[in-house]
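Spelled out from the first residue to the last, the chains are:
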Amino acid sequence: FDEEPVAMGEEAVGSAVEARLAAGNSVSALEVARQALAVSKKARDPRGEALALLALAKARQAAGEEDAAMAAARRAQGLLKDSGDHLGQARALQVIASVQFNKGYWELCLRAARDAQRSLAQCTADAGGEDVARLVREVETLAAHAHHARGEEPPQSERRAAALQAVQELGQVLEARDATKFQQVLARLKETGCHTGTDTSRVFAPALEEDEDGVSSFLFEHMRWHFDEGVAPGALQSSEYCGPADVCCLRTFPSPLALQSGSGVGPAQGLLTWQQSCGQITMRFRLMDGPRTQVPGGWAEEDVVVQLADRRLKLTLGGDPVKAMTGDLWGEIWRKDSWWAIEEEDEQAVLVITLLKRELRTWAQPWTIIGSTASRAHFPWNKSMRDYGDNNNRSGILGTLPPQDLVDESELEAVAPGRPEPEEDEAVPNGGYARTLPGDVFSPPSERFICRPEDLCLGITADQDSNTITLQVHFERSAFYELRQRHPLEKVFAVDVWENALCIFLQGDKQNPIVWGELNGSCLPYHTTWRLSSSESMRRRQDDNTLVSPTLEVRLRKAPGARGPWPHIFGQCVQARLMAKPWEQGAPRFEGLPDVATARRAGYDLEDPDFWSLVSGYCHETIKKTGHSTAPR
């Protein structure tokens, strides 16, 4: 056995390790990789050492030694980069991306995946053959899972478009219960990759609503992985990818599948692709033929000017307007929250522009008028708009004046380049969060902070049936509309769902969740749906009880082995303190979920009594641990 790595040669070591991992023998795989590494070092063979390190990284990842796997993969990548082995670099980067994903570090996963895609783009057509094609598929699939885990839509690509088309066909075949065609489309979907359980869940949702038992039985028989905690079909044939983490992060409200993405027409044909949710739209415009030969596409950031108004976009390259990216938008946007950046894809430059919508609704396309470089005047079309002026409907609430302190965004202004800062405290696969804000419960407010639960939450309700759990967070109508007039709602609400836990919170205030609970059974995280609707049940808690209250509804689907009524929805649970009646002086706070404790509010706020309660508790615990003496010295 000691001589086996030498006899197999460099390339065969990886195959031997993969064969042992496929057989479930991670101990033997580790031993083979370690011995191959020792032999390569002794022979002073850098390439052999790199391949042995890569095999060792895969074996360590399979054994659950993620930090050690990361270290080995990084060392392998460095050696392979020095030798100019692009395919080997991509393999190492794929392992790094997979480890980062499984640890819940979505942004780091995406960075490694993008680096892997750049390395694969440099592989020649005859280098690797099927290995390159398989690796491209798996890296894109992993990136798609990372984007969905961050609550955003994956970038549009040729493979992604093909995957979405296959997913849509799968939904159509599901409604007909045609097992033969279902398997045919499923086989094509596996070959395409670049999709996630989120995509299939969206397409299957209408059929499940109509006939949950029948559809679930059909899927369990013909698509068993759909119930296996979100494992991606494209990953079933590979031991290099361990599937997505068991946490679903909801940040966007999805549009209908047919309108989630599209491409440019007219002057933008072949240059523009776009994708959207109800709350934002991202356009990707290919940059080319610029004057700077040393940068991809020939255009640097200083050559690009993106101007935005609430109803208009204008792109200028080198001082010249680009008609394909200039015109009146389909709906209104928030300039203050929109952003743009330049990315590299396959050695090409892509201008990425993300626009945050003022209203949660799907656009038929990005533009109403494209190619016009002159601003279009807007005219009142009814008495209310004549009375209140052109800004009347900018908030989307007819007859309600927008806040007077909002910056007027009706005229074009240049927007500086740059992405928004990543979300604090990323969710980790096994539950909970990797805290990034210093100070623990005394940390200062996040830069993304907008409001507290007690500023707008009237109540919380929870219900269940044999197959689902439904939680509703009810908002005071006036406070909710005030919030909606100031901020895009996809930057406000957020939900994270694990197999056995749930967290509903306001973005920027994650350490003070509206609801955090450990479930009494297991659910299917990637089958979770959410929506904004309205409710009658909290009408009487409002100042104006003639109107329904806005509601955030989160629906979880119970796992097959956990269906049926649960004695209690939560094993352990805490909730945020809710509103007091703002129109009554000294009124008590509204009650939330019955028999659920209200958590003290965390964060540095000298005006909040909970802050001093936490300080007192901290001092008490510190004294118990360290002791104290008040005697004079």
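Rules behind the numbers
- Residues numbered from 1 in each chain as written.
- Predicted model: local features only at pLDDT ≥ 70, side-chain atom pairs only at ≥ 80, totals over all residues.
- Heavy atoms only, no water.
- Helix = DSSP H or I, 4+ residues; strand = E, 2+ residues; numbered from the N terminus.
- Contact = heavy atoms within 4.5 Å.
- Areas by Shrake-Rupley, 256 points an atom, 1.4 Å probe, with all protein chains shown as cover.
- Buried < 20%, exposed > 50% of the residue type's maximum accessible area, 1.4 Å probe, protein only.
- Axes fitted to C-alpha atoms, helices over the stretch in contact; angles between N-to-C directions.
- Parallel < 35°, antiparallel > 145°, perpendicular 65-115°, else oblique.
- Left-handed = near helix turned anticlockwise from the far one by under 90°.
- Nonpolar A, V, L, I, M, F, W, Y, C, P; charged D, E, K, R; others polar.
- Pairing = 2+ DSSP bridges.
- pLDDT = per-residue confidence, 0-100.
- Polar contact = N/O pair within 3.5 Å; in protein donor to acceptor, adjacent residues only side chain to side chain.
- Salt bridge = Lys/Arg side-chain N within 4 Å of Asp/Glu carboxyl O.
- Phe/Tyr/Trp six-rings, centres within 6.5 Å; stacked < 30°, edge-to-face > 60°.
- Lys NZ or Arg CZ within 6 Å of the ring centre and 35° of its normal.

1. Concerning the overall build of the protein
Move 1: When helices and strands are counted, the protein shows 15 helices and 23 strands.
Move 2: Within the protein, contacts between residues separated by at least 24 positions form 67% of all contacts whose residues are at least 6 apart in sequence.
Move 3: Only carbon and sulfur atoms are counted for the fraction: they give 49% of the accessible area of the protein, which is about 29,100 Å².

2. Focus: unusual backbone geometry
A negative phi angle characterises most non-glycine residues, just as the trans form characterises most peptide bonds.
Move 1: Of note in this structure, Arg44 is not a glycine but carries a positive phi near 55°.
Move 2: By secondary structure assignment, the location of Arg44 is in the loop between helix 3 (26–42) and helix 4 (46–62).
Move 3: A relative accessible area of 76% places Arg44 in the exposed class.
Move 4: Here the phi dihedral of Arg177 falls at roughly 55°; this positive angle occurs in a residue that is not glycine.
Move 5: The class for Arg177 is partly exposed, based on a relative accessible area of 31%.

3. A few points about the packing of helix 10 (residues 179–192) against helix 12 (residues 212–222)
Move 1: Relative orientation of the contacting elements helix 10 and helix 12 amounts to 55°, with a least axis distance of 11 Å. In terms of axis orientation, helix 10 runs oblique to helix 12. Considering the relative orientation of helix 10 and helix 12, their crossing is right-handed. From helix 10, Ala179, Phe182, Gln183 and Leu186 reach across to helix 12, where they touch Phe218, Leu219 and His222.
Move 2: Per-class residue counts for the contact of helix 10 with helix 12 are 5 nonpolar, 2 polar and no charged.

4. Describing the sheet that holds strand 23 (residues 597–598)
Move 1: Taken together, 6 strands build an open sheet; the order of strands is 1-17-18-19-22-23 and the sheet is mixed. Taken across any chain shown, the strands that pair with only one partner, and hence form the sheet edges, are strand 1 (247–250) and strand 23.
Move 2: As defined by bridge partners, strand 19 (residues 515–519) adjoins strand 22 (residues 570–575) across 5 bridges and the pair is classed as antiparallel. Residue pairing for strand 22: Leu519 is matched across the bridge by Phe570.

5. What to know about the side chain of Asp303
Move 1: As for its placement among the helices and strands, Asp303 is situated in the loop between strand 4 (280–287) and strand 5 (304–309).
Move 2: Note on Asp303: relative accessible area 14%, which makes it buried.
Move 3: Once residues within four sequence positions are removed from consideration, Asp303 is found in contact with Arg292, Gly298, Thr316, Leu317 and Gly318.

6. Re the confidence of the model for the protein
Move 1: Scored by pLDDT, the protein comes out at a mean of 81, with 84% of its residues at no less than 70.
Move 2: When pLDDT is averaged over each element of the protein, strand 5 comes out on top at 97 and helix 1 (residues 4–8) at the bottom at 44.
Move 3: The low-confidence segment residues 377–381, where pLDDT is below 50, has 4 contacts with residues more than four positions distant or belonging to other chains.
Move 4: Considering only residues more than four positions removed or in separate chains, one finds that residues 383–399, a stretch of pLDDT under 50, has 37 contacts.

7. A closer look at the sheet that holds strand 10 (residues 348–357)
Move 1: Overall, antiparallel pairing links the 5 strands, which are arranged 2-3-4-10-9 in an open sheet. Of all the strands in the sheet, the pair left with one neighbour each is strand 2 (261–263) and strand 9 (333–345). Direction aside, neighbouring strands of the sheet carry axes that sit 15° apart on average.
Move 2: Where strand 4 and strand 10 come together, 8 bridges link them in antiparallel fashion. Along strand 10, the bridge assignment pairs Phe285 with Leu351.

8. Some remarks on the side chain of Asp85
Move 1: Position of Asp85 among the secondary structure elements: in the loop between helix 5 (66–83) and helix 6 (86–102).
Move 2: Side-chain polar atoms of Asp85 contact the side chain of Arg47, separated by 2.7 Å.
Move 3: Among all residues touching Asp85, those that are not within four sequence positions of it are Arg47 and Leu80.

9. With respect to the pattern of salt bridges
Move 1: On inspection of all chains with the given rule, the structure shows 36 salt bridges.
Move 2: The closest approach of N and O atoms between Glu423 and Arg251, which form a salt bridge, is 2.9 Å. With a gap of 172 residues between them, Glu423 in the loop between strand 12 (413–415) and strand 13 (426–427) and Arg251 in the loop between strand 1 and strand 2 connect regions that are remote in the sequence.
Move 3: Under the relative-accessibility criterion, Glu423 is labelled partly exposed at 22%.
Move 4: One network of salt bridges, with partners in common, ties together Arg452, Glu454, Asp455, Arg577 and Arg589.

10. What about the environment of Ser338?
Move 1: The residue Ser338 is located in strand 9 in this model.
Move 2: For Ser338 and Lys357, which are 19 residues apart along the polypeptide, the C-alpha to C-alpha distance reads 8.8 Å.

11. Comments concerning the packing of aromatic side chains
Move 1: A full pass over the atoms with the stated rule returns 7 aromatic pairs.
Move 2: Members of the aromatic cluster, connected to one another through ring pairs, are Phe475, Phe480, Tyr481 and Phe493.
Move 3: Over the aromatic face of Trp334 sits the side chain of Lys336, whose NZ or CZ is 4.9 Å from the ring centroid.
Move 4: Above the ring of Trp334, the side-chain terminus of Arg358 is found at 4.0 Å from the ring centroid.

12. So, the environment of Asn545
Move 1: Its place among the elements puts Asn545 in the loop between strand 20 (529–535) and strand 21 (549–557).
Move 2: Note: C-alpha distance between Asn545 and Arg477 (68 residues apart in sequence) is 9.8 Å.
Move 3: In this view, Asn545 contacts Arg539 and Arg540; residues no more than four positions away in its chain are not counted.

13. So, the packing of helix 9 (residues 158–176) against helix 10
Move 1: Running from amino to carboxyl end, helix 9 crosses helix 10 at an angle of 160°, the nearest separation of the two axes being 9 Å. Comparing their axes, helix 10 and helix 9 come out roughly antiparallel. Remark: the crossing between helix 9 and helix 10 carries left-handed chirality. Residues Arg159, Ala162, Ala163, Ala166, Val167, Glu169, Leu170, Val173 and Leu174 of helix 9 touch helix 10, and the partners they reach there are Lys181, Phe182, Val185, Leu186, Arg188, Leu189, Glu191 and Thr192.

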